[in-house]
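Descriptive structure summary
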Amino acid sequence: MSDYQRLSLFDIKLGQPLPFSVYDKAGILLLKTGCSINVERHLEILIANGLYFKPEQVKHRTSAPEPEAPNSEANTFFVLDAAKLKLLRLFDQYRDGGVKDDFVGRIDTLASTVMDACSHDTDAALANLHLDYETSYAVVHHMQAAILCEIMGKKLKVNESTRLSLIKAALTHDMDLLDIQDDLDKQITSLDSYQKERIRAHPQNSERILRKLGVTDALWLNAVEHHHERLDGSGYAYALSGDAINITTRILAVADIYSAMIRDRPYRKAMLSNEAMRQLLLEQGKKADLRLIQLLIKEVGVFPPGALVQLANNEISVVKERKVNSVCPTVYSFIRSSGMPMISPLKRETENAEHKVTNIVSFSNYRRSIAIIRGLWLQTAA
């Protein structure tokens, strides 16, 4: 980052065109010259996380181009990036003992953000979390569970108030593990007895923590306390079964399982989304709610937005949009059949035999292309 300089709140005028492009601490382009930041909390979050510019841009620039009006898709991707930073800050402050009085209000705001993001563009919301391999597991896991809960809840015609409570439960369901989550994420050895006990007790303890932080919403608390219960009675901590587990808790349970499956952990590679779906059906069908598993598979799709796929012509592409025919999504190729990267991704319609999706591939082999891939969603907001 020697060629970059860090920005402060005084360097950017809210709502005015940027005189230079800005980058994150890894040098990834966030906002192009001429774009504007119109929401104060977004600007604050970006500055707090580290926002940089190249001084030579100011030297050679004559005038800023007119800013493009971002569409809802770009806004969805950008707003979720900002929401993850807010959740990260909230978790960090909780671990440091510095959050209490405003905890419920901040989770309320985040839950509304998730609901709005999914309403504006569900494909972009799903892609944002599938393509995030940099943010901490705790943040991405909670956000992903929240998005999946909203998608399933809305499809089931659960009312908005109940869905908001469910999203808040998803955003906070592992509160008791936050102090040891980083260690668990790095651990490659077997869990010790203390860790096993903490994991088994975390649903109850998370519910107690939320009460102490001012949560009084019974649905929110119930979903957190029981999200590891299973329909056949094999779950914990109360070994509840069948109708003793309500529908909102069942939704959170399915979202929690799927989200954990598709994240990289030190002791195992992330499952590809189609493999996670298959395992959900085969291994969790009698434990979790089979109807909800089938709903999740239908809504997320065989090839979910953000998944990397190989085409019949050997190009590597990223799924951009789901379609009614879930095996024929709209994709953008970013690696040529020769294995060389493309300067600009090319749109492919997978109904064509040449561009038919043949299989899902692991993101770990294409991490260097992340800026190009994310740019497909950020190009009008960035």
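Each remark here, short or long, concerns the structure printed above.
Residues numbered from 1 in each chain as written. Predicted model: local features only at pLDDT ≥ 70, side-chain atom pairs only at ≥ 80, totals over all residues. Heavy atoms only, no water.

Observations concerning the nonpolar core
Stated formally: Nonpolar cores were defined as sets of buried Ala, Val, Leu, Ile, Met, Phe, Trp, Tyr and Cys residues, with membership established by side-chain atoms within 4.5 Å. Residue exposure (1.4 Å probe, protein chains only): buried if accessible area is under 20% of the type maximum, exposed if over 50%, otherwise partly exposed. Numbering of helices and strands runs from the N terminus, with a helix taken as a DSSP run of H or I at least four residues long and a strand as a DSSP run of E at least two residues long.
Within the largest apolar cluster, 62 residues are counted, with the highest numbers of intra-cluster contacts made by Phe103, Met143, Ile147, Leu171, Tyr258 and Leu296. At 11 residues, helix H6 (residues 137–155) tops the list of elements feeding residues into this core. Judged by nonpolar contacts, the second largest core, of 33 residues, contains Leu18, Phe53, Ile370 and Trp377.

A few points about helix H10 (residues 218–225)
Operational definition: Any two residues having at least one pair of non-hydrogen atoms within 4.5 Å are treated as being in contact.
Within H10, the full set of buried residues consists of Trp220, Leu221, Ala223, Val224 and Glu225. In this fold, the buried residues of H10 make contact with helix H4 (103–120), helix H7 (160–172), helix H9 (193–212) and helix H11 (247–261).

Comments concerning a nonpolar patch on the surface
Spelled out, the test is: Patches here: salt-bridge-free residues with over 30% relative accessible area, like charges joined within 9 Å, nonpolar side chains (Val, Leu, Ile, Met, Phe, Trp, Tyr) joined within 5 Å. Here, Shrake-Rupley sampling with a 1.4 Å probe gives the accessible areas, and only protein chains in the shown set may cover a residue. A side-chain nitrogen of Lys or Arg and a carboxyl oxygen of Asp or Glu constitute a salt bridge if their distance falls within 4 Å.
On the surface, Leu281, Leu282 and Leu290 cluster together into a nonpolar patch covering about 270 Å² of accessible area. As for its position among the elements, leucine 282 is in helix H12 (residues 273–284). Judged by relative accessible area, which is 61%, leucine 282 ranks as exposed.

Side note on the packing of aromatic side chains
The following threshold applies: Between rings of Phe, Tyr and Trp, where Trp is taken as its six-membered ring, a pair exists when centres lie within 6.5 Å; planes separated by under 30 degrees are stacked, by over 60 edge-to-face, and by other angles tilted.
Applying the stated criterion across every chain, the model contains three aromatic pairs. Note on phenylalanine 334 and tyrosine 366: the rings are 6.0 Å apart at their centroids and 90° apart in plane angle, and the pair reads as edge-to-face. Of the two residues, phenylalanine 334 sits in strand S7 (residues 330–335) while tyrosine 366 sits in the loop between strand S9 (357–361) and helix H14 (370–378), which places them 32 residues apart along the sequence. Residue phenylalanine 334 is classed as buried on the basis of its relative accessible area of 1%.

Things to note about empty space enclosed by the protein
Formally: Site definitions follow a grid-based scheme: protein atoms alone, a 1 Å grid, a 1.4 Å probe that fits but cannot get out for cavities, and for pockets an open set with protein on both sides within 12 Å along at least five of seven lines, plus lining residues having an atom within 4 Å of a point. Grid points are joined across faces, edges and corners, and a volume is the space filled by probe spheres set on the points. Residues are grouped as follows: nonpolar covers Ala, Val, Leu, Ile, Met, Phe, Trp, Tyr, Cys and Pro; charged covers Asp, Glu, Lys and Arg; every other residue, Gly included, is treated as polar.
The final tally for this structure, using the stated rule, is two cavities of 30 Å³ or more. When its volume is computed, the largest cavity comes out at roughly 60 Å³. Taken together, the residues of the lining of the largest cavity sort by class into five nonpolar, two polar and five charged.

Points about the environment of arginine 6
Tracing the chain through its elements places arginine 6 in strand S1 (residues 5–6). For arginine 6, a relative accessible area of 47% corresponds to the partly exposed category. Sequence separation of arginine 6 and tyrosine 52 is 46 residues, and the distance between their C-alpha atoms is 4.3 Å. Once you skip the residues sitting within four places of it in the chain, arginine 6 turns out to touch Asp11, Ile47, Ala48, Asn49, Gly50, Leu51 and Tyr52.

Digging into the packing of H11 against helix H13 (residues 290–300)
The condition that has to hold: Geometry is summarised by axes, namely lines fitted to C-alpha atoms with helices restricted to the contacting stretch, and by angles between N-to-C directions that run from 0 to 180 degrees. Between 65 and 115 degrees an angle is taken as roughly perpendicular, under 35 as roughly parallel, over 145 as roughly antiparallel, and anywhere else as oblique. If you view the pair so one helix is near and one far, a crossing is left-handed when the near helix is turned anticlockwise from the far one by less than a right angle, and right-handed when it is turned clockwise.
Look at H11 against H13: their axes get within 10 Å of each other, and the N-to-C directions meet at 55°. With respect to their mutual orientation, H11 and H13 come out oblique. The handedness of the crossing between H11 and H13 is right-handed. Between H11 and H13, the contacting residues are Ile247, Arg250, Ile251, Val254 and Tyr258 on the first element and Arg291, Leu292, Ile293, Leu296 and Val300 on the second. Tallied by class, the residues present in the contact of H11 with H13 amount to eight nonpolar, no polar and two charged.

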